[in-house]
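# Examining the three-dimensional arrangement
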Amino acid sequence: MLFMGILQMAGVGVILPFVSLLSDPTKIQDNAVLEWLYGALGFASTDSFLIFIGSILLFVLVASNAVTALTIWLMTRFSWSVQKRISTRLLNGYLHQPYETFLNRNSADTGKNILIESQQFANGVLMPALKSLAFGITATMIVGFLFWLEPILAMVVTLIFGLAYLLVYLTVRRALLRIGRARMSANTKRFQAVSEAFGSVKEVKVMGREAHFLQRYEPAAGVFAQSMATSQVLGQVPRYAIEGLGFGVVMGSMLFLLASGNGLQSALPLASAFVVAGYRLLPALQNVYQGFAQWRFNQSVLDTLQKDLAAHEPPAQAGKTEGAERFEVKAEGSQGRQKALLFEKAIELRGVTYSYPMADAPSLDNVSLTIPRNSFVALTGATGAGKTTLADIILGLLDPSSGELVVDGTVVTPLNRAEWQSQLGYVPQDIYLTDSTIGSNIAYGLAEGDIDLRAVERAARIANIHDFILDKLPNGYDTVVGERGVRLSGGQRQRIGIARALYHDPAIIVLDEATSALDNETERRIVDELDAMRGGRTLIVIAHRLTTVQKCHEVFVLDNGRIAASGPYSQLVAQSTEFRKLAQADLSADGQ
Ligand SMILES: Nc1ncnc2c1ncn2[C@@H]1O[C@H](COP(=O)(O)OP(=O)(O)OP(=O)(O)O)[C@@H](O)[C@H]1O
């Protein structure tokens, strides 16, 4: 940046002797340096000496432009590398947040911050700040040179341009902050409209709600476009007015020099220096102004990213995999700092109460239960009774507000949670399949080279989907399933989900029974198969239908966040009115 400033100033400095010589070549003899140069380099005529000085001027101007270009190139690369680092840190930070954080955060907003706002930071905050600095140095050097040349004139020129830009900035700064905030909020709304529309594209099509999402998108896109355009106009347009002013100042300066009585001939070199200075100084000042204007416009981006980066401080360096962290936790455990958490006997919930953030009432209220190893249990109850919340506590996704999750006598804490979770397999209601091969969907989240194909096949066999993959899919395990697995049926997707849960050979499988994708019969078959192939695993099913729980060792009936009854199916049918009510409701739903 300094070098850029020096060269830009030199470009302005060399113009003065050059124009001076052009207007009066006899001046070579008046200047000791020029005279020495003339003699030392053996010039025979003033014309060839003029060409020589002209070439130096040209070289300095070209070099200063080249250095400016190089500086901008380096600054641009730096800004984008910072964008990469910030966006990676944000993703890392967001991903490592406790599950509870995601319950209160809009995923479109998170995605927008990672992808767009980090970019806005690089382009709209960092790059302008660097440009302001670089061109600020240049402007200072040029101004310094002008002061050395002609202090009064330089002061007038600097004051006029400096004040003009300052005045413009002070006038537009409030507006810039306001439209910057409007841009940020419109951008969130744009992202939400798009992500919600495509996230529920089936419902959108069936219910014919395309227009609704367009109506949500369009005004937000309008505000976004308008605020971007206004900020760019406010950043660029003053330049043209100030250039006009600059032209007026040059003309005025020449008249001033003429009027000072030295004549045009003597005024010309100085005037040329001021013209070149203006040619360099104005863009430099424009860049400084634009930097401040953009910074102001993007103040809200800066505030948001700062807040999110501080609040979502990643626990580990970006790029470190969850697996690696889990391994570390295990290693820590094996060194005795943290008691190893191997599940061999039982999972216990001791007086667990859980309230969602900002909820009025607890969703789980003093729940205590024991799930022995190698058992098949079901969590059931009416809708909203707390089944999913209870499963999320067991999965280590939610921390009890009070009470404890205990595994073989060891309380699960943030320190040993990863080790606990590495023994769990989870099958959600809606299986999210990525747009990649069946194989990589089963070995979820692993690089191609890290996938254990034998483990994939073993898991697929247990999930009863191996034959289908081999016989019906064109490329077997290498068949690409399409985004969200659109090329598979609900049952097939769920079996892939089960195979995914089984890939790591977990000791416990938690299956959230699909309420919509599958019919009763298919669901029962899947649960029965899973039970038959448990092979020593503990199976916990969140049962929305009682047809699937008949073979359970123990059924826990939840009601309003409490365990209303528990026991084997036949015992509950005989003894629990709660359970009979549920069974009745189930039967009537089946009959419909
Ligand atoms: N993120 C949340 N914030 C606040 N309250 C929540 C949240 N998620 C669930 N709840 C509330 O907690 C209670 C239990 O919900 P939960 O999802 O555990 O029920 P469930 O038995 O799994 O229901 P379903 O069978 O309908 O899936 C409900 O009253 C629900 O409204």
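Treat the numbers as computed from the prediction; the structure is a model and nothing was measured. (Residues numbered from 1 in each chain as written. Predicted model: local features only at pLDDT ≥ 70, side-chain atom pairs only at ≥ 80, totals over all residues. Heavy atoms only, no water.)

## Description of the packing of helix H6 (residues 107–149) against helix H11 (residues 299–311)
For the pair H6 and H11, interaxial distance at closest approach is 10 Å and the crossing angle is 125°. Put simply, H6 runs oblique to H11. The handedness of the crossing between H6 and H11 is left-handed. Two secondary-structure elements touch here, H6 through Asn 113, Glu 117, Ser 118, Gln 120, Phe 121 and Val 125 and H11 through Val 301, Leu 302, Thr 304, Leu 305 and Asp 308. For the contact of H6 with H11, a count of residues per class yields five nonpolar, four polar and two charged. (Axes fitted to C-alpha atoms, helices over the stretch in contact; angles between N-to-C directions. Helix = DSSP H or I, 4+ residues; strand = E, 2+ residues; numbered from the N terminus. Parallel < 35°, antiparallel > 145°, perpendicular 65-115°, else oblique. Left-handed = near helix turned anticlockwise from the far one by under 90°. Contact = heavy atoms within 4.5 Å. Nonpolar A, V, L, I, M, F, W, Y, C, P; charged D, E, K, R; others polar.)

## A closer look at the site of the ligand
By nearness alone, every residue bordering the ligand is listed as Tyr 356, Ser 363, Ala 382, Thr 383, Gly 384, Ala 385, Gly 386, Lys 387, Thr 388, Thr 389 and His 544. Within the backbone of Gly 384, a nitrogen or oxygen atom sits 2.9 Å from an oxygen atom of the ligand. With respect to the ligand, the side chain of Thr 388 contributes an N or O atom lying 2.6 Å from an oxygen atom. Alone, the ligand offers 630 Å² of accessible surface; in the complex the protein occludes 62% of this. (Near = heavy atom within 4 Å. Polar contact = N/O pair within 3.5 Å; in protein donor to acceptor, adjacent residues only side chain to side chain. Areas by Shrake-Rupley, 256 points an atom, 1.4 Å probe, with all protein chains shown as cover.)

## So, the pattern of salt bridges
Scanning all chains against the criterion turns up 12 salt bridges. Residues Glu 243 and Arg 239 are paired through a salt bridge, measuring 3.2 Å at the closest nitrogen-oxygen approach. One end of the pair, Glu 243, and the other, Arg 239, are both in helix H10 (residues 238–297), four residues apart, so they sit about a helical turn from each other. In this structure Glu 243 comes out as partly exposed when scored by relative accessible area, which is 35%. Given the relative accessible area of 32%, Arg 239 is considered partly exposed. Several salt bridges converge on common partners, so that one network encompasses Asp 109, Lys 112, Glu 117 and Arg 183. (Salt bridge = Lys/Arg side-chain N within 4 Å of Asp/Glu carboxyl O. Buried < 20%, exposed > 50% of the residue type's maximum accessible area, 1.4 Å probe, protein only.)

## So, the confidence of the model for the protein chain
Averaged over all residues, the pLDDT of the protein chain is 82; the fraction at 70 or higher stands at 86%. In this model residues 317–338 is a low-confidence stretch, pLDDT under 50, and it forms 23 contacts with partners more than four residues away in sequence or in other chains. (pLDDT = per-residue confidence, 0-100.)

## So, the environment of Tyr 217
Structurally, the position occupied by Tyr 217 is in helix H9 (residues 210–236). Leave out the neighbours within four places in its chain, and Tyr 217 touches Arg 190, Ala 193 and Val 194.

## Topic: the sheet that holds strand E1 (residues 346–354)
Read from one edge of the open sheet, four strands run E2-E1-E4-E5, paired in antiparallel fashion. In the strand order of this sheet, the two ends are held by strand E2 (364–372) and strand E5 (410–411), each with one partner. Bridge count for strand E4 (residues 402–407) against E5 is two bridges, and the pairing is antiparallel. Counterpart to Val 406 in the pairing with E5 is Val 411. (Pairing = 2+ DSSP bridges.)

## Observations concerning the sheet that holds strand E10 (residues 562–567)
Strand pairs in the sheet, formed through backbone hydrogen bonds, run parallel or antiparallel to each other. Read across the sheet, six strands follow the order E6-E7-E8-E3-E9-E10 without closing on themselves; strand pairing throughout is mixed. Here the strands that pair on one side only, and so sit at the sheet edges, are strand E6 (424–427) and E10. Between one strand axis and the next, the sheet turns through 15° on average, direction left out of account. Relative to strand E8 (residues 538–542), strand E7 (residues 508–512) runs parallel, the two sharing five bridges. Paired with Ile 509 across the two strands is Leu 539, which belongs to E8. Along the sheet, helix H13 (residues 387–394) makes contact with strand E3 (376–381), E6, E7, E8 and strand E9 (554–559), crossing E3 at roughly 140°. Where helix H18 (residues 490–502) meets the sheet, its contacts fall on E6 and E7, and the angle it forms with E6 comes to roughly 170°.

## Some thoughts on the pairing of E9
Here E3 runs beside E9; their pairing, made up of five bridges, is parallel. Looking across to E9, one finds that Leu 379 is bridged to Phe 556. Pairing analysis gives five bridges linking E9 to E10, with the strands arranged antiparallel. Across the sheet, residue Asp 559 finds its bridge partner in E10, namely Arg 562.

## Observations regarding empty space enclosed by the protein
Tallied over the full model, the rule gives three cavities of 30 Å³ or more. A volume near 50 Å³ is recorded for the largest cavity. A per-class count over the lining of the largest cavity returns five nonpolar, one polar and two charged. (1 Å grid on protein atoms, 1.4 Å probe; cavity = no way out; pocket = protein on both sides within 12 Å on 5 of 7 lines; lining within 4 Å. Points joined across faces, edges and corners; volume = space filled by probe spheres on them.)

## Brief notes about helix H16 (residues 453–462)
Those residues of H16 not exposed but buried are Ala 455, Val 456, Ala 459, Ala 460 and Ile 462. Around the axis of H16, the buried residues are gathered within 160° of arc, so they sit on the same side. Away from its buried face by more than 90 degrees, H16 exposes Leu 453 and Arg 454. Its side-chain oxygen placed 3.1 Å from the backbone nitrogen of Arg 454, Asp 452 serves as the N-cap of H16. (Arc of directions from axis to C-beta.)

## Examining the packing of aromatic side chains
Scanning the model with the defined rule gives nine aromatic pairs in all. Taking 6.0 Å as the distance between ring centres and 70° as the angle between the ring planes, the aromatic pair formed by Tyr 169 and Phe 292 counts as edge-to-face. Note that Tyr 169 is positioned in helix H7 (residues 151–199) and Phe 292 in helix H10, a separation of 123 residues in sequence. Given the relative accessible area of 47%, Phe 292 is considered partly exposed. (Phe/Tyr/Trp six-rings, centres within 6.5 Å; stacked < 30°, edge-to-face > 60°.)

## What about the packing of helix H4 (residues 46–95) against H6?
Two elements in contact, H4 and H6, have axes whose closest approach is 8 Å; the angle formed by their N-to-C orientations is 150°. Taken together, H4 and H6 sit at an angle that is classed as roughly antiparallel. Crossing geometry of H4 relative to H6 is assigned as right-handed. For the contact of H4 with H6, the class distribution of residues is 18 nonpolar, 10 polar and one charged.

## Details of the environment of Leu 390
Following the sequence through the fold, Leu 390 ends up in helix H13. Distance in space between the C-alpha atoms of Leu 390 and Val 352 is 9.0 Å, their sequence separation being 38 residues. Residues contacting Leu 390, with those up to four places away along its chain left out, are Leu 349, Leu 364, Val 367, Leu 369, Leu 379 and Leu 558.

## Re the side chain of Arg 537
With respect to the helices and strands, the residue Arg 537 is situated in the loop between helix H19 (520–532) and E8. Here the side chain of Arg 537 touches Asp 505 through a polar contact of 2.7 Å, side chain to side chain. Looking at Arg 537, its side chain comes within polar contact range of the main-chain oxygen of Pro 506, at 3.1 Å.

## Description of unusual backbone geometry
The phi dihedral of Asn 464 is positive, around 60°, even though this residue is not glycine. For Asn 464, the location among the structural elements is in the loop between H16 and helix H17 (466–472). Assessed through its relative accessible area of 39%, Asn 464 is described here as partly exposed. Residue Asn 560 is not a glycine yet carries a positive backbone phi of 55°. Among the secondary structure elements, Asn 560 is positioned in the loop between E9 and E10. When its relative accessible area of 66% is taken as the criterion, Asn 560 is described as exposed.

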